[in-house]
Amino acid sequence: MIEIRNLSKHYGPTRAVDDVSLVVEEGTITALVGTSGSGKSTLLRLVNRLIEPTSGQVAINGTDTRQVPTADLRRRIGYVIQNHGLFPHWTVARNVATVPRLLGWPKAKTEARVAELLSLLSLDPDTIGPRFPHQLSGGQAQRVGVARALAARPELLLMDEPFGALDPVLRGKAQADLRQIQAALGTTVILVTHDMSEAIGLGHRIAVMRAGRLEQHGTPAEILSAP
Ligand code: ADP
Ligand code: ADP
């Protein structure tokens, strides 16, 4: 379970995130939706402490994230961004192995995990694993980004507009993949999107942000029936 309590991030006069409190239940997808500039990305980056809050707390399964060393946070919280952020000079397999290698996993365990994840995401480990990011299609690169984020079995997966760069057909496939993987692994997910239909299609819960504030939070049915 993720508990966000009275979290704020101010940049001078801009309240990027303004006193947000939100609980994300274990094993669920929460879709964080809102217009551009409403504070979604900032909230996500506060959760994994890529940036530090002005005030407020985040707890992951009962532990305040301030008490968790950064290397542990990188293992416990996976992060996927729109342009997938793959390291261009590393092969797919090496990219997926990033966090296990940082953690010093034995080579055999790392290789087995990389193959398992690539297969789970319908990427053939033998042909795709040795490729470099520029040799992948957009959809493949996006799935490699997800595989990398899942490599060390994170408790929480943060996704910031992960499908934004995909064409509509690939986006539909990627959304179906995410639903299937999330159901299979039971990973808790916070997904940022500006697309309400994507939020409704994927989220067990929807959190609506406006001007840094959490405006609404509920099931898709509750959000749809709100005035
Ligand atoms: P969203 O992800 O919903 O598009 P952001 O979280 O990126 O919104 O931004 C929220 C607000 O905070 C915007 O007004 C943005 O300009 C501002 N902001 C975000 N990051 C910074 C920063 N590093 N410095 C100054 N202002 C920022
Ligand atoms: P930047 O160069 O933008 O400051 P960082 O140094 O924070 O980015 O991160 C370097 C790379 O690690 C990026 O490609 C980013 O996508 C990835 N990364 C950042 N945070 C995490 C995380 N919590 N889990 C997995 N990968 C991450």
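Before reading on, note that the structure itself is shown above.
Residues numbered from 1 in each chain as written. Chains lettered and ligands numbered in written order. Predicted model: local features only at pLDDT ≥ 70, side-chain atom pairs only at ≥ 80, totals over all residues. Heavy atoms only, no water.

**Some thoughts on the nonpolar core**
To be explicit about the condition: Buried Ala, Val, Leu, Ile, Met, Phe, Trp, Tyr and Cys residues that are joined via side-chain atoms within 4.5 Å together make up what is termed a nonpolar core. Burial status follows relative accessibility: with a 1.4 Å probe on protein chains alone, a residue under 20% of its type maximum counts as buried, one over 50% as exposed, and anything between as partly exposed. By definition, any uninterrupted DSSP run of H or I lasting at least four residues is a helix, any uninterrupted run of E lasting at least two residues is a strand, and each is numbered from the N terminus. The contact rule is simple, with two residues in contact once any of their heavy atoms fall within 4.5 Å.
One finds V96 and M159 to be the most contacted residues of the largest nonpolar core, which totals 30 residues. Here this core takes six residues from helix α7 (residues 138–150), the largest share from any one element. Setting aside anything within four residues of it in sequence, one finds V96 in contact with V114, L117, L118, V144, A147, R148 and A151. Listed in part, the 24 residues of the second largest apolar core include I2, L22, V68 and I190.

**Here we look at the site of ligand 2**
This is how the line gets drawn: Being near a molecule or strand, for a residue, comes down to having at least one heavy atom within 4 Å of it. Definition of a polar contact: a pair of N or O atoms within 3.5 Å, with one able to donate and the other able to accept a hydrogen when the atoms are protein atoms, and with sequence-neighbouring residues admitted only if both atoms are side-chain atoms. Residue exposure ignores everything except the shown protein chains as possible cover, and the areas themselves are Shrake-Rupley values with a 1.4 Å probe. Charged means Asp, Glu, Lys or Arg here, nonpolar means Ala, Val, Leu, Ile, Met, Phe, Trp, Tyr, Cys or Pro, and polar covers whatever is left, Gly included.
All residues adjacent to ligand 2 are N48, L50, R74, I77, Y79, G85, F87 and R148. I77 places a main-chain nitrogen or oxygen 3.2 Å from a nitrogen atom of ligand 2. Between ligand 2 and the protein, one listed contact pairs an oxygen atom with a backbone N or O atom of G85 at 3.1 Å. Bound to the protein, ligand 2 loses 54% of the 550 Å² it would expose on its own. Its residues assigned to classes, the shell around ligand 2 comprises four nonpolar, two polar and two charged.

**Some points on the packing of α7 against helix α8 (residues 168–185)**
Applied cut-off: All axes are obtained by fitting lines to C-alpha atoms, using only the stretch in contact for helices, and the reported angles, taken between N-to-C directions, cover 0 to 180 degrees. By definition in this entry, angles of less than 35 degrees are roughly parallel, angles greater than 145 are roughly antiparallel, angles of 65 to 115 are roughly perpendicular, and the rest are oblique. Each crossing gets its hand from how the near helix is turned against the far one by less than a right angle, where anticlockwise is left-handed and clockwise is right-handed.
Close contact between α7 and α8 brings their axes to 11 Å; oriented N to C, the two are set at 20 degrees. One way to sum up the angle between α7 and α8 is to call them roughly parallel. Here α7 and α8 pass one another in a crossing that is right-handed. In this structure, α7 uses G139, Q142, R143 and L150 to contact α8, whose residues at the interface are L170, A174, D177, I181 and L185. Residue composition of the contact of α7 with α8, grouped by class: five nonpolar, two polar and two charged.

**As for the pairing of strand β7 (residues 156–160)**
Burial analysis of β7 places five of its five residues in the buried class, the great majority of the element. Burial of β7 is two-sided: the residues L156, L158 and D160 facing one way and the residues L157 and M159 facing the other way are all buried.

**Considerations on helix α1 (residues 40–47)**
Spacing of three or four residues puts side chains on the same side of an α-helix, whose turn is 3.6 residues. Summarising burial for α1: six of the eight residues are buried, a large majority. Three or more residues of α1 are buried, namely K40, T42, L43, L44, L46 and V47. R49 sits one or two positions beyond α1 and adopts a positive phi of about 60 degrees.

**Some remarks on the sheet that holds strand β10 (residues 213–218)**
Test applied: Think of it this way: DSSP has to see at least two bridges between two strands before they count as a pair.
Pairing is mixed in the open sheet, where six strands are placed in the order β6-β7-β8-β3-β9-β10. The outermost strands of the open sheet, each flanked by one partner alone, are β6 (77–81) and β10. Taking each pair of neighbouring strands and ignoring which way they run, the sheet shows an average axis angle of 15 degrees. Strand direction decides the pairing type here: β7 and strand β8 (residues 188–193), joined by five bridges, are parallel. Looking at β8, one finds that D160 is bridged to V192.

**Considerations on the environment of A149**
Within the secondary structure, A149 sits in helix α7. Classification of A149 as buried rests on a relative accessible area of 10%. Separated by 83 residues in the primary sequence, A149 and R66 have C-alpha atoms spaced 21 Å apart. Once residues within four sequence positions are removed from consideration, A149 is found in contact with G78, Y79, V80, P154 and L157.

**Quick notes on helix α5 (residues 107–120)**
The following threshold applies: Multiply 1.5 Å by the residue count of a helix minus one, and that product is the helix's expected span. When we speak of the arc, we mean the arc of directions from the helix axis to the C-beta atoms.
Its 14 residues place the ends of α5 20 Å apart at the C-alpha level, agreeing with the 20 Å of an ideal helix rising 1.5 Å per residue. What α5 keeps buried is the set T110, R113, V114, L117 and L118. Taken down its axis, α5 places every buried residue within 130 degrees of arc, on the same side. Each element contacted by the buried residues of α5 is listed here: α3 (92–96), α4 (98–102), α6 (125–128) and α7. S122 sits one or two residues past α5 and shows a positive phi near 60 degrees.

**Notes on the site of ligand 1**
In the neighbourhood of ligand 1, the contacting residues comprise Y11, T14, A16, T35, S36, G37, S38, G39, K40, S41 and T42. In the model, an oxygen atom of ligand 1 is placed 2.7 Å from a nitrogen or oxygen of the G37 main chain. One of the side-chain N or O atoms of K40 is found 2.8 Å from an oxygen atom in ligand 1. Compared with its free state, where it exposes 560 Å², ligand 1 has 57% of that area covered by protein.

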